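Structural overview for review
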Amino acid sequence: VMKSGRMKHIIWDWNGTLLDDAQACVETLNIILGKRKLPQVTLEKYREIFDFPVKRYYEKLGIDFQVENWDAMAREFHDIYGEKSCDRRLREGVVDVLKSLQADAVSMSVLSASEARFLEDALVKNGIRDYFQGVYGLMDIYADSKHEAGRRLIAEIGLPPRDILLVGDTTHDHEVADELKCHCLLLAGGHQAENRLRKCGCRVISDVAEVLEISRLAL
């Protein structure tokens, strides 16, 4: 429960939080599953099973890593997703919220399980890179965990965790916020079902514009 005053820094997740790309992931997955004659997934099913590390939910979909090479599959996903995500937009209202936070002198950064160079390119392409003082992705394409990158980010920010709000769309974001001891806000409509997010016990919102109001209030 947030009990401090207005937030001084906001850490944003990228996929599913700023970028509306869950459907692109479903389309990518279905190509991979189709090649292996495995059942297709709907967006609803995907949101029920998506997890970190990513390898775990591949196994739930029937991928057998006694047979499959994980490195090759991660590259396959990355390549197909790169094409499928080209036309994906930012979630509605994101740019307005970033502008308003910047006007409020709230510093911001991005923490993502995406590969770091891919992430930088995506932020530039979507015209929002300049809003963020730091961009922290992973050094590889395996989307394993954001814990280590999060620790580096907190050290760079140099603010007490009570002044920092992490905004994400998965239970993993909540785990990372817990470890970093900062506040957490989860956004429904991304990569995980709302009922899964609610089990974390933190505030869950459905509209990114609510971040603005929450960051300004003493809660």
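Residues numbered from 1 in each chain as written. Predicted model: local features only at pLDDT ≥ 70, side-chain atom pairs only at ≥ 80, totals over all residues. Heavy atoms only, no water.

Quick word on the pattern of salt bridges
Worth spelling out the cut-off: For this document, the term salt bridge refers to a Lys or Arg side-chain nitrogen within 4 Å of an Asp or Glu carboxyl oxygen. Every helix listed is a DSSP run of H or I at least four residues long, and every strand listed is a run of E at least two residues long, numbered separately from the N terminus.
Scanning the entire structure with this criterion turns up 14 salt bridges. Its salt-bridge partner being Arg36, residue Glu68 comes within 2.6 Å of it at the nearest N-O pair. Placement of the pair is Glu68 in the loop between α3 (54-60) and α4 (70-84) and Arg36 in the loop between α1 (22-35) and α2 (43-49), with a sequence separation of 32 residues. Notably, a salt bridge pairs Glu76 with Arg36, separated by 2.8 Å at the nearest N-O pair. Of this pair, Glu76 sits in helix α4 while Arg36 sits in the loop between α1 and α2, and the two are 40 residues apart along the sequence. Linked by salt bridges that have partners in common, Lys35, Arg36, Glu68 and Glu76 make up one network.

Notes on the confidence of the model for the protein chain
Any region with low pLDDT has predicted coordinates that should not be read closely. The condition is simple: Scored between 0 and 100, pLDDT is the confidence that the predictor attaches to each residue.
Looking at the protein chain as a whole, its pLDDT mean stands at 90, while 94% of the residues score no less than 70. At the level of individual helices and strands, the protein chain shows its lowest average pLDDT in helix α7 (residues 147-157), which scores 86, and its highest in helix α9 (residues 194-198), which scores 98.

Remarks on the state of the cysteines
Selection criterion: Criterion for a disulfide: a pair of cysteine sulfur atoms at a distance within 2.5 Å. The buried label goes to any residue with under 20% of its type's maximum accessible area, the exposed label to any with over 50%, and the partly exposed label to all in between, with areas taken from a 1.4 Å probe on protein chains only.
Per the stated rule, a full pass over the model turns up 0 disulfides. Cys184 supplies the cysteine sulfur nearest to Cys182, a cysteine that is in no disulfide, at a spacing of 7.2 Å. In this structure Cys184 is a free cysteine whose sulfur lies 4.1 Å from that of Cys202, the closest cysteine sulfur available. For Cys184, a relative accessible area of 9% corresponds to the buried category.

What to know about helix α6 (residues 116-125)
The following threshold applies: By definition, the arc is the one covered by directions from the helix axis to the C-beta atoms.
The complete set of buried residues in α6 reads Ala116, Leu119, Ala122 and Leu123. Around the axis of α6, the buried residues are gathered within 125° of arc, so they sit on the same side. Turned more than 90 degrees off the buried face of α6, the exposed positions are Arg117, Asp121, Val124 and Lys125. Gly127 sits one or two positions beyond α6 and adopts a positive phi of about 75°.

A short note on the nonpolar core
Stated formally: Here the nonpolar core consists of buried residues drawn from Ala, Val, Leu, Ile, Met, Phe, Trp, Tyr and Cys, with membership extended through side-chain atoms lying within 4.5 Å. We call two residues in contact when some of their heavy atoms are within 4.5 Å.
Trp12, Trp14, Tyr57, Tyr58 and Phe132 are the most contacted members of the largest nonpolar core, which totals 76 residues. Counting residues per element, this core draws most heavily on α1, which supplies 7 residues. Other than its neighbours up to four places away in sequence, Trp14 contacts Leu19, Leu90, Val110, Leu111, Ser112, Ser114, Leu119, Ala122, Leu123, Asn126 and Ile128.

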